[in-house]
Amino acid sequence: MGLFAHSQAGFVVAHQNEVRVWDAKIDGPRWWRPLNARIVGVGSAGALGSTLEESGVLALWTAPPAHTLRATSSEAPPGWRLL
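As the structure is a computational prediction, the values presented were derived from the model and not from experiment. (Residues numbered from 1 in each chain as written. Predicted model: local features only at pLDDT ≥ 70, side-chain atom pairs only at ≥ 80, totals over all residues. Heavy atoms only, no water.)

### Digging into the overall build of the chain
No. 1: Along its length, the chain carries zero helices and eight strands.
No. 2: Shown N-terminal to C-terminal, the secondary structure of the chain runs as helices and strands in the order β-β-β-β-β-β-β-β.
No. 3: Out of the 83 residues in the chain, the part that is buried amounts to 34%.
No. 4: Pairs at least 24 residues apart make up 25% of the contacts formed inside the chain by residues separated by at least 6 positions.
No. 5: Of the roughly 5300 Å² of accessible surface on the chain, 57% is carried by carbon and sulfur atoms. (Helix = DSSP H or I, 4+ residues; strand = E, 2+ residues; numbered from the N terminus. Buried < 20%, exposed > 50% of the residue type's maximum accessible area, 1.4 Å probe, protein only. Contact = heavy atoms within 4.5 Å. Areas by Shrake-Rupley, 256 points an atom, 1.4 Å probe, with all protein chains shown as cover.)

### Notes on the side chain of serine 50
No. 1: By secondary structure assignment, the location of serine 50 is in strand S6 (residues 48-53).
No. 2: You can call serine 50 buried: its relative accessible area is 17%.
No. 3: Residues within four places of serine 50 in sequence aside, it is in contact with Gly41, Val42, Gly43, Ala59, Leu60 and Trp61.

### Side note on the confidence of the model for the chain
No. 1: Per-chain confidence: the chain averages 75 in pLDDT, with 72% of residues scoring 70 or above.
No. 2: Strand S8 (residues 68-71) is the least confidently modelled element of the chain, averaging 54 in pLDDT, while strand S5 (residues 39-45) averages 89, the highest of any element. (pLDDT = per-residue confidence, 0-100.)

### Concerning the sheet that holds strand S4 (residues 28-34)
No. 1: Overall, antiparallel pairing links the four strands, which are arranged S1-S2-S3-S4 in an open sheet. At either end of the open sheet lies a strand with only one pairing partner, and these are strand S1 (2-7) and S4. Pairwise comparison of adjacent strand axes, ignoring direction, gives a mean angle of 15° for this sheet.
No. 2: In the sheet, strand S3 (residues 18-23) pairs with S4 via six bridges, with the strands oriented antiparallel. By the bridge assignment, valine 19 is partnered in S4 with arginine 33. (Pairing = 2+ DSSP bridges. Axes fitted to C-alpha atoms, helices over the stretch in contact; angles between N-to-C directions.)

### Brief notes about the nonpolar core
No. 1: Ranked by size, the top nonpolar core spans eleven residues in total: Leu3, Ala5, Val12, Ala14, Val19, Val21, Trp31, Leu35, Ile39, Ala59 and Trp61.
No. 2: Listing elements by their share of this core, those giving two or more residues are S1, strand S2 (10-15), S3 and strand S7 (58-61).
No. 3: Setting aside anything within four residues of it in sequence, one finds alanine 5 in contact with Gly10, Phe11, Val12, Val42, Gly43 and Ser44. (Core = buried A, V, L, I, M, F, W, Y, C linked by side-chain atoms within 4.5 Å.)

### Quick word on the environment of phenylalanine 11
No. 1: Here phenylalanine 11 is to be found in strand S2.
No. 2: Take phenylalanine 11: its relative accessible area is 26%, and that puts it in the partly exposed class.
No. 3: For the pair phenylalanine 11 and alanine 24, spaced 13 residues apart in the sequence, the C-alpha separation amounts to 7.9 Å.

Right under this line is the structure:
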């Protein structure tokens, strides 16, 4: 099953363990990346995309070059609170 979300970041599309951000302006993928586990959720808000892996890893993706901010249930970046 494929997952889909959309915002100004682009179309966030996930299938199994690969995430892609599709840019309608260039009619092609802005970037894509395989992840370590199957993706069970995606989101998109403003210029930020997110993925939730089956292993519990939540990844927040910024615009290219796809800088990743990661948080899991046992660790969070300084100033973040996991809910």
